[in-house]
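Each chain is listed here by its residues.
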Amino acid sequence: MSEAQVIDGKAFAAKLRERVGEQAAKFEAASGRKAGLAVVLVGEDPASQVYVRSKHKATVAAGMESFEHRLPADTSEADLLALVEQLNVDPAVDGILVQLPLPDHLDEQAVIAAISPDKDVDGFHVTNAGRLAVGQSGFVPCTPLGCMMLLTDRLGDLSGLEAVVIGRSNIVGKPMAQLLLDANATVTIAHSRTKDLPGVVKRADIVVAAVGRAEMVKAEWLKDGATVIDVGINRLPPAEGADKGRLVGDVDYAGAQGVAGAITPVPGGVGPMTIAVLLRNTVVAAFRNEGLDLPEGTI
Ligand code: NAD
């Protein structure tokens, strides 16, 4: 049995960011301003701080404007909603991202609902979820859109392929299933109550694992030659003497390499795609907000 090909999300994301940079330059030439992304961070969650910092760096590197709003953990919902409203009407802001999770006293759904759907570059607003469900153009959540780009790059036409998505979250599993359905795959969504998960996974030409359980999907569950997209990011307990454990996905990567046709590694697979797609969505938002034609399909 030959080894699975490694789907290099890091390299793909770097190329995508380059293309986004080219589009951002075209946008600036056409509109006289840079495309702008506003990121709102409430509180001091260390992981969120790292994400926000890397989003800022990537936005600037792509030739776009980054507006960072850092608010104290005890910010009231009224103050946060007022900031979102201010960003909604700010013509320099094309995309708005409120970093999740929010502190417990803030209602995430209410905050997401307050973002203008035309600036909702995360694609979490119900209007954009609805647009995706009925096949209208809107904004699609970054992680599943990134997975889809990797899949079509590897497989081309997905028509008639059996796809199994494990996980049904609004952020990954559900939009992923919608995208696969739009691409004419035969889609199954598996979740925590699914009976005989190994049997369900066995029939899949495409497996997307988005659960959040370290190495849960075993090599023997996979069909020979399956394409495996591992969205999970899990930290193992530290080995003795180390302060941090290794990062692993939801799939037993080492085992799966002997069975799968292709597989994304963790880290270096889906992870780097998420920010690249966020930048892509922001430049698309900029063209749309200015009423300019985006050379669609180019990014
Ligand atoms: P979530 O917790 O919202 O959803 C997990 C899903 O897994 C649920 O729908 C649940 O039904 C399902 N599930 C739980 N236990 C299961 C089991 N035993 N068998 C089958 N299904 C089961 O998580 P999420 O936000 O969708 O994220 C999933 C994973 O993806 C996490 O590890 C997260 O860190 C990672 N993630 C990565 C990126 C990225 O950029 N690479 C982005 C988002 C999420």
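Before any of the text, the structure's been laid out above.
Here's a quick rundown of the structure. What you see is a predicted model, and the numbers here were worked out from it, not measured in a lab. (Residues numbered from 1 in each chain as written. Predicted model: local features only at pLDDT ≥ 70, side-chain atom pairs only at ≥ 80, totals over all residues. Heavy atoms only, no water.)

**Describing the overall build of the protein chain**
Broken down by element type, the protein chain carries 10 helices and 11 strands. In terms of C-alpha radius of gyration, the protein chain reaches 19 Å, essentially the compact-globule figure of 19 Å for 299 residues. With respect to the three principal axes, the spread of C-alpha positions in the protein chain is 55 × 45 × 35 Å. A total of 299 residues make up the protein chain; the buried ones form 48% of that total. When contacts within the protein chain are restricted to residue pairs at least 6 apart in sequence, long-range pairs at least 24 apart make up 69% of them. Accessible surface computed for the protein chain: about 13,800 Å², of which carbon and sulfur atoms make up 52%. (Helix = DSSP H or I, 4+ residues; strand = E, 2+ residues; numbered from the N terminus. Rg over C-alpha atoms; globule rule 2.2 N^0.38 Å. Buried < 20%, exposed > 50% of the residue type's maximum accessible area, 1.4 Å probe, protein only. Contact = heavy atoms within 4.5 Å. Areas by Shrake-Rupley, 256 points an atom, 1.4 Å probe, with all protein chains shown as cover.)

**Regarding the packing of aromatic side chains**
Following the criterion strictly, the structure yields one aromatic pair and no others. Aromatic side chains Phe-27 and Phe-287 sit 5.4 Å apart centroid to centroid with 70 degrees between the ring planes, which places their arrangement in the edge-to-face category. Within this pair, whereas Phe-27 is found in helix H1 (residues 9-31), its partner Phe-287 is found in helix H10 (residues 271-289), the two being separated by 260 residues in sequence. Grouping residues by exposure puts Phe-27 and Phe-287 together as buried. Taking NZ or CZ as reference, Arg-288 lies 4.9 Å from the ring centre of Phe-139, over its face. (Phe/Tyr/Trp six-rings, centres within 6.5 Å; stacked < 30°, edge-to-face > 60°. Lys NZ or Arg CZ within 6 Å of the ring centre and 35° of its normal.)

**Remarks on the site of the ligand**
Taken together, 21 residues lie near the ligand, and Arg-168, Ser-169, Gly-212, Ile-233 and Thr-274 sit nearest. Within the contact set of the ligand, an oxygen atom lies 3.5 Å away from a backbone nitrogen or oxygen of Val-231. Within the side chain of Thr-274, one N or O atom sits 2.7 Å away from an oxygen atom of the ligand. Surface burial for the ligand is 71%, taken as the share of its 860 Å² of free accessible area covered by protein chains. Class assignment for the residues of the shell around the ligand results in nine nonpolar, 10 polar and two charged. (Near = heavy atom within 4 Å. Polar contact = N/O pair within 3.5 Å; in protein donor to acceptor, adjacent residues only side chain to side chain. Nonpolar A, V, L, I, M, F, W, Y, C, P; charged D, E, K, R; others polar.)

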